[in-house]
Amino acid sequence: MITANHRLRSFVLTAGSLATAAGLGAAVVVNYRGFQRRIAESSAILNETLPVHSLWWRTRAKDKGALLYAVIGDSAAQGIGASSPPRGYVGILTDHIRLSTGRTVRVVNLSVSGATVELAVRDQLPKFVKLTPDIVTVAIGANDIALWDAAVFEAGIRQIFQALPSHALVADLPCFHLPRNERMVAVANRIIRQVAAEHRLAVVPLHATTKRLGLRSVATHVAGDLFHPNNRGYRAWADAFLPALSAHLERGIRPADPVGADAPKAPADLPATPPAGLPSPAAEPASAPTASTLETGGVSGPS
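Definitions and limits used
Residues numbered from 1 in each chain as written. Predicted model: local features only at pLDDT ≥ 70, side-chain atom pairs only at ≥ 80, totals over all residues. Heavy atoms only, no water. Phe/Tyr/Trp six-rings, centres within 6.5 Å; stacked < 30°, edge-to-face > 60°. Buried < 20%, exposed > 50% of the residue type's maximum accessible area, 1.4 Å probe, protein only. Helix = DSSP H or I, 4+ residues; strand = E, 2+ residues; numbered from the N terminus. Lys NZ or Arg CZ within 6 Å of the ring centre and 35° of its normal.

**As for the packing of aromatic side chains**
Line of reasoning, step 1. Within this structure, the stated rule accounts for five aromatic pairs.
Line of reasoning, step 2. Centre to centre, the rings of Trp56 and Trp57 are 4.7 Å apart; their planes meet at 85 degrees, and the pair counts as edge-to-face.
Line of reasoning, step 3. The exposure class assigned to Trp56 is partly exposed, which follows from its relative accessible area of 28%.
Line of reasoning, step 4. Looking at Trp57, the relative accessible area reads 3%, which means it is buried.
Line of reasoning, step 5. Considering the side-chain rings of Tyr89 and Trp237, the 5.5 Å spacing of their centres and the 35 degrees angle between planes classify their relative orientation as tilted. With Tyr89 in helix α3 (residues 89-101) and Trp237 in helix α10 (residues 231-252), this pair connects stretches of sequence that are 148 residues apart.
Line of reasoning, step 6. By relative accessible area, Trp237 is classed as buried at 10%.
Line of reasoning, step 7. A connected cluster of aromatic rings, assembled from ring pairs, spans Tyr89, Tyr234, Trp237 and Phe241.
Line of reasoning, step 8. The ring of Trp56 has Arg60 sitting right over it, with the charged end atom 4.7 Å from the ring centre.

Below, the structure is given as structure tokens:
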């Protein structure tokens, strides 16, 4: 027989359990709202860096360089999420090109934050086709997953890949980890590999590289908005590109001369001293006109 004491004890235990569950539920709701607020704050901070990164790359496009590196992409190519623009994967790859070849590099980063494949065709491709780059990297399509349309994606990829030189390096999409997104990423990456094979383009295994990092990489390799890579994340992106990039540099880019291939050099067939019977430079009249820079291979003074 259940006594009044038993019923009271059962009621107290049940009430305590419900109160505990309610407290945990409230804590979860509060923590989740705080989590959402922190993500929103991080996203706002990163949005403020968009014009900073864009200006930095536009300035780099004005630099002179013996090699031309052209980039098609989105905010990842801009380095959004990194502590500074050159710490994105494009900056890391630029340093590798410079160190591997001993040559100066001009970077024309055509990428636009928020770009989809369709927008890259509209905004970036017309500028790209006017260039004759020595190095090309393409990483585009992550923004297409939000409003996925396989037909639109494939049409855009075909237009971009058709315009690329044979030495261009095209990356597949990175790992999104979430099952629903990964199903769409798998379709996108099949399209990328198929169209790249038709044009004999090298595919950079960005998905496999980021997938190997595991779900824990969200805490270690991703910026506060939980979307863009951070410095460590961009290092992993660069590592995905490096084998194919190094192979291209070894195969198609001649290393600089140890004394500096970018520096002007005098013609090798000029004798060190004038032949017999000809006056030496010291014997010429003081009023003789000075040879031009083009004639001597030297560097002219201020005009």
